[in-house]
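# A look at the structure
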Amino acid sequence: MEKIDPHIEESWKMILKPEFEQPYFGALKEFLVEERKRFRVFPPGSLIFNAFNHTPFDQVKVVVLGQDPYHGARQAHGLCFSVPEGVAPPPSLVNIFKELVADLAIRPPLHGNLTRWAEQGVLLLNATLTVRENQAGSHQGKGWERFTDAAINALSDQREGVIFLLWGNYAIAKKELIDKSKHFILTAPHPSPLSASRGFFGCRHFSQVNRLLKQMGRDEISWDLN
């Protein structure tokens, strides 16, 4: 097996080094090599670890958990719910922006790129980090969940006062990985059009995050993307 040396930010590379050395991660890499021979896979290889690269381990203030990347061309760029500038925001992101505007009375963003949040300490982490074009969930159960669970565990064990935003049943199930005595967990239905009206709208998580950060004496997140 060739040495696995992913392009990932140095603090996360040290934290997750045991995972890279596990047999399951070698099998995952082989799976991705074969997938790319036959299908288009998103995001591009250089962006798979984008969430980690924009938000070093000791700078994580908030974690937003998604399920898997967008599976349409040019959409996924390694940050959950985010799309590059010039790409129309998908429905779930549109609803996130609706709640953001209602909560904080700011102007609707003109693009769907959430990198600015990531650079302020919001880890935008999908449970599965790759997907086959036009096949949602196609890379689930291949090892990514074990890897991202390890990242969540590390934050839970080694950090304090991280605020986890768990939207939808899939994300909410991850609360079992989080030490509730050391961290904050805010839950809501998924922002998808199928469920946003059942409690995502009105959850006011953005203002709650800033209130908690202020109570801890930490810099608030500037959620305004304009």
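Further up the page is the structure itself.
What this report covers is the structure whose coordinates are included nearby. All values reported here derive from a predicted model rather than from experimental measurement. (Residues numbered from 1 in each chain as written. Predicted model: local features only at pLDDT ≥ 70, side-chain atom pairs only at ≥ 80, totals over all residues. Heavy atoms only, no water.)

### Concerning the packing of aromatic side chains
Keep this limit in mind: Ring pairs shown here join Phe, Tyr and Trp side chains whose ring centres sit within 6.5 Å, with only the six-membered ring taken for Trp; geometry is labelled stacked below 30 degrees between planes, edge-to-face above 60, and tilted in between. The numbering of helices and of strands both runs from the N terminus, where a helix is a DSSP run of H or I of at least 4 residues and a strand a run of E of at least 2. In this scheme, a residue with accessible area under 20% of its type's maximum is buried, one over 50% is exposed, and one in between is partly exposed, where area comes from a 1.4 Å probe on protein chains only.
Within this structure, the stated rule accounts for 20 aromatic pairs. Between the aromatic rings of Phe20 and Phe147, the centroid separation amounts to 5.4 Å while the plane-to-plane angle is 40°, which identifies the pairing as tilted. In this pair, Phe20 sits in helix α1 (residues 10-20) while Phe147 sits in helix α6 (residues 144-158), placing the two residues 127 residues apart along the sequence. Summarising the burial analysis for this pair, Phe20 and Phe147 share the class buried. Ring centres of Trp167 and Phe206 lie 6.3 Å apart, and the angle between their planes is 65°; on these two criteria the pair is classed as edge-to-face. Here Phe206 lies in helix α8 (residues 205-215) and Trp167 lies in strand β5 (residues 163-167), a separation of 39 residues in the sequence. The class of Phe206 is buried, set by a relative accessible area of 1%.

### Section: the pairing of strand β2 (residues 62-66)
To be explicit about the condition: The criterion for strand pairing is that DSSP finds at least two bridges linking the strands in question.
For β2, the tally of buried residues reaches five of five residues, placing the bulk of the element in the interior. Covered by surrounding structure in β2 are Val62, Val64 and Gly66 together with Val63 and Leu65, the residues of both alternating faces. Relative to strand β3 (residues 122-126), β2 is paired through five bridges, and the arrangement is parallel. Each bridged residue has a counterpart across the sheet, and for Val64 the counterpart in β3 is Leu124. Where β2 meets β5, four bridges bridge the pair, whose relative direction is parallel. Across the sheet, Val63 pairs through a bridge with Phe164, a residue of β5.

### Details of the sheet that holds β5
Short version of the rule: Axis lines are fitted through C-alpha atoms, for helices just across the contact stretch, and the angle between N-to-C directions can take any value from 0 to 180 degrees. The criterion used for residue contact is that any of the two residues' heavy atoms lie within 4.5 Å.
In spatial order, the strands read β3-β2-β5-β6; together these four strands make up an open sheet with parallel pairing. On the outer flanks of this sheet lie β3 and β6 (184-188), each paired with one strand and no other. Within this sheet the neighbouring strands show an average axis-to-axis angle of 20°, counted without direction. With respect to the sheet, α6 is in contact with β2, β3 and β5, its orientation differing from that of β3 by roughly 150°.

### Quick word on α1
The condition that has to hold: Here, the arc refers to the directions that run from the helix axis to the C-beta atoms.
Of the residues making up α1, those classed as buried are Trp12, Leu16, Glu19 and Phe20. All buried residues of α1 lie within an arc of 80° about the axis, which places them on one face of the element. In this fold, the buried residues of α1 make contact with α2 (23-38), α3 (50-54), β3 and α6.

### Some remarks on α8
Of the residues making up α8, those classed as buried are His205, Phe206, Ser207, Val209, Asn210, Leu212 and Leu213. Just downstream of α8 lies Gly217, where phi reads positive at about 75°.

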